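Structure at a glance
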Amino acid sequence: MSVKILMSDGVVTLSTEYYVKALETAGAEVVHDYLQELDVSCDGLLISGGVDINPKYYGEELNGSVNIDDKRDEMEFKLFNAYLKAGKPIFGICRGCQFINVALGGSLTQHIDCHERHTDGKFHTVAAEKESILYDLHGKEFITNSYHHQAVNKLGEGLKAVAWSENGTIIEGIEHESLPIFAVQWHPERMVETATKYINDAKVAGAVREEALFKKFIDICKAKKGE
């Protein structure tokens, strides 16, 4: 069963290739662009990483957010709501994790105190909750990369935290309680075999390979499509 994924991205850069290759390796056909057309014919939506979300969407003034792209925010709210209404799977990565949380009524910490340990591809330990996608794939503890200075604060409606770093203070993974929606704060597309950046950093002991995470998303899309 073929699966088509719509990927919402920022301005196309080298990092775009990582997402596309990771999805294609998992067996998907990928439709991607900056400021996507509102198209719900695809089987799932991936919201990629990128710049900060305008804090007006969670009722705050600027207090650490930078490099805001209002056009992308507007388009992704339309995309998210359309795929949510259609009941199709949604996977968020980094900014995408934060965006899903905000779109469901949650908020963000605009600049985390421990940001120096979470930027520039640094690696750190993540702890996963039992009975979660991440626990099933990677176990209780594993090591990921990190490229963010913001994090989920108040959880959006229907969301639960399923992974943490910094002794439980930084939410690293979220899942919806009843809908096929999940997200991670790190960049798994850089931790697959096709990602040169990860291969160069793969000497980090315990760092996970993330082919299985993308395959899980595709499997969820297949299952939903086959209903």
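Analysis parameters
- Residues numbered from 1 in each chain as written.
- Predicted model: local features only at pLDDT ≥ 70, side-chain atom pairs only at ≥ 80, totals over all residues.
- Heavy atoms only, no water.
- Core = buried A, V, L, I, M, F, W, Y, C linked by side-chain atoms within 4.5 Å.
- Buried < 20%, exposed > 50% of the residue type's maximum accessible area, 1.4 Å probe, protein only.
- Helix = DSSP H or I, 4+ residues; strand = E, 2+ residues; numbered from the N terminus.
- Contact = heavy atoms within 4.5 Å.
- 1 Å grid on protein atoms, 1.4 Å probe; cavity = no way out; pocket = protein on both sides within 12 Å on 5 of 7 lines; lining within 4 Å.
- Points joined across faces, edges and corners; volume = space filled by probe spheres on them.
- Nonpolar A, V, L, I, M, F, W, Y, C, P; charged D, E, K, R; others polar.
- Pairing = 2+ DSSP bridges.
- Axes fitted to C-alpha atoms, helices over the stretch in contact; angles between N-to-C directions.

Once that is clear, we can look at the nonpolar core. Ranked by size, the top nonpolar core spans 35 residues in total, and within it Ile-5, Leu-23, Leu-46, Phe-91, Leu-134, Phe-214 and Phe-217 carry the most contacts. Among the elements that line this core, the one with the most residues is helix H6 (residues 211-225), at six residues. When neighbours within four sequence positions are excluded, Phe-91 is seen to be in contact with Leu-45, Leu-46, Ile-47, Ile-100, Phe-182, Ala-183, Val-184, Pro-188, Leu-213, Phe-214 and Phe-217. Core analysis: the second largest hydrophobic core is formed by 25 residues, Ile-90, Ile-100, Ala-161 and Ile-171 among them.

This brings us to the layout of surface pockets. Of the pockets and cavities examined, the largest pocket occupies roughly 500 Å³. Mapped by element, the contributors of at least two residues to the lining of the largest pocket are helix H1 (14-25) and helix H3 (95-103). No other element matches the three residues that H1 contributes to the lining of the largest pocket. In terms of residue class, the lining of the largest pocket is made up of six nonpolar, 13 polar and eight charged.

A word on the sheet that holds strand E10 (residues 170-176). Strand pairing in a sheet relies on backbone hydrogen bonds, with the paired strands running either antiparallel or parallel. Reading across from one edge, E2-E1-E3-E4-E11-E10-E9-E6-E7 is the order of the nine strands in this open sheet, with mixed pairing throughout. At either margin of the open sheet sits one strand with a lone partner, and together these are strand E2 (28-34) and strand E7 (141-144). On average, each strand axis in the sheet is tilted by 25 degrees relative to the strand beside it, whichever way the strands run. Seen against the sheet, helix H2 (residues 70-86) touches strand E1 (3-9), E2, strand E3 (44-47), strand E4 (90-93) and strand E11 (181-184) and runs at an angle of roughly 150 degrees to E1. Contacts from H6 reach E1, E2, E3, E4 and E11 within the one sheet, and its direction differs from that of E1 by about 120 degrees.

Any functional reading would require information that these geometric values do not contain.
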